[in-house]
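Summary of the model geometry
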Amino acid sequence: ALCHADDAQASELCGELRPGPVRVVITLRPLTQLLPSSWQEYLKAGWTETYDEFLDEVLRRPSTTTGVFRSFWIRQDHGRLVERWSSAVGPDRVTVVVADPARPALLLETFADLVGVPRPTLIDAVDHHGANRSLTVAECELLRRLNDSGKDIHDSPVTPAALAALIGRVESGSITGASGKKVF
């Protein structure tokens, strides 16, 4: 993702795209949406931290955060992202779009307007039925516990549907440990 580029990389990339006009569009999401979404992605990558532990790490101690959680602020320091890309192309060549859950087509509408094509050109080309839904609380906790169990579950994709099916089996009591006791 280009949000990981440092100042020199951003300038170099924009320099390689010239002499044509370079325009940068930065999309931002409110922290209230970013935080749970990011935590879920960390869980999908095998992390075991609870949501409270994740929030403590990224919100209460961001300057001391190391490792993967440090990357959260590299990507999500909105002011720094805008500053970096404005320095690379000029502030008049940067557009910032703040995602609005009430207007899911906003980003595509903005892109269509910037490139000068009718809005339906981009909006109609997107499959809105395959929307990226969040995991439920139960799905997150199951995934977190599976990660914490030490078993390698990441060789095959863990989909929300697979987690929902597994939760159904756990809740019905059809998954038991070697002793016959419920696993969760």
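Residues numbered from 1 in each chain as written. Predicted model: local features only at pLDDT ≥ 70, side-chain atom pairs only at ≥ 80, totals over all residues. Heavy atoms only, no water.

**Some points on the overall build of the chain**
So the rule is basically this: Only runs of H or I of at least four residues qualify as helices and only runs of E of at least two qualify as strands under DSSP, and these elements are numbered from the N terminus. Residue exposure (1.4 Å probe, protein chains only): buried if accessible area is under 20% of the type maximum, exposed if over 50%, otherwise partly exposed. Method for areas: the Shrake-Rupley scheme with a 1.4 Å probe, in which residue coverage is limited to the protein chains shown.
Each helix and strand counted, the chain has nine helices and two strands in total. Per-residue burial for the chain yields a buried fraction of 29% across its 184 residues. Carbon and sulfur atoms make up 56% of the accessible area of the chain, which amounts to about 11,500 Å² in all.

**Some remarks on the layout of surface pockets**
What counts here: The way it works is a 1 Å grid over only the protein atoms, where trapped points that fit a 1.4 Å probe form a cavity and open points with protein on both sides within 12 Å along at least five of seven lines form a pocket, and then any residue with an atom within 4 Å of a point lines it. Grid points are joined across faces, edges and corners, and a volume is the space filled by probe spheres set on the points. As a working rule, the residues Ala, Val, Leu, Ile, Met, Phe, Trp, Tyr, Cys and Pro are called nonpolar, Asp, Glu, Lys and Arg charged, and the rest polar, with Gly in that last group.
As a volume, the second largest pocket reaches approximately 290 Å³. Lining the second largest pocket are 15 residues, with Cys3, Ile26, Thr27, Arg75 and Leu81 sitting closest to its centre. Looking at the lining of the second largest pocket, the elements that each hand over two or more residues are strand S1 (24–28), helix H4 (67–76) and helix H5 (78–89). Among the elements that make up the lining of the second largest pocket, the one with the highest residue count is S1 (five residues). Partitioning the lining of the second largest pocket into residue classes produces ten nonpolar, three polar and two charged.

**Some details on the packing of aromatic side chains**
The test is simple: Any pair of Phe, Tyr and Trp rings, taking the six-membered ring for Trp, is counted once the centres come within 6.5 Å. Such a pair is stacked with planes under 30 degrees apart, edge-to-face with planes over 60 apart, and tilted for the rest.
Taken as a whole, this structure holds five aromatic pairs when the rule is applied. Between tyrosine 42 and phenylalanine 54, the aromatic rings sit 5.6 Å apart at their centres with planes inclined by 50 degrees, giving tilted as the arrangement. Taken together, the residues span a long stretch of sequence, with tyrosine 42 in helix H2 (residues 31–44) and phenylalanine 54 in helix H3 (residues 51–60) at a distance of twelve residues. Of the two residues examined, tyrosine 42 and phenylalanine 54, each falls in the buried class. Among the residues examined, phenylalanine 54 registers a relative accessible area of 0% and is labelled buried. Through a chain of ring-to-ring contacts, three or more aromatic side chains come together here, namely Trp39, Tyr42, Tyr51, Phe54, Phe72 and Trp73.

**Observations concerning helix H8 (residues 137–148)**
Note the cut-off: Working rule for helices: expected span equals 1.5 Å times residues minus one.
In a regular helix each residue adds 1.5 Å, so twelve residues correspond to 16 Å; H8 covers 16 Å between its end C-alpha atoms and thus fits that length. The complete set of buried residues in H8 reads Glu139, Cys140, Leu142, Leu143, Arg144, Leu146 and Asn147.

**Some points on unusual backbone geometry**
The peptide bond linking arginine 18 to proline 19 adopts the cis configuration, its omega dihedral lying at 25 degrees. Topologically, proline 19 is positioned in the loop between helix H1 (7–17) and S1.

**Observations regarding the side chain of glutamate 49**
To keep things clear, this is the line we draw: Throughout, a contact is declared for two residues whenever any of their heavy atoms are within 4.5 Å.
If you trace the backbone, glutamate 49 turns up in the loop between H2 and H3. Every residue in contact with glutamate 49, bar those within four places of it in the chain, is listed here: Trp39, Leu43, Phe54, Phe69 and Arg144.

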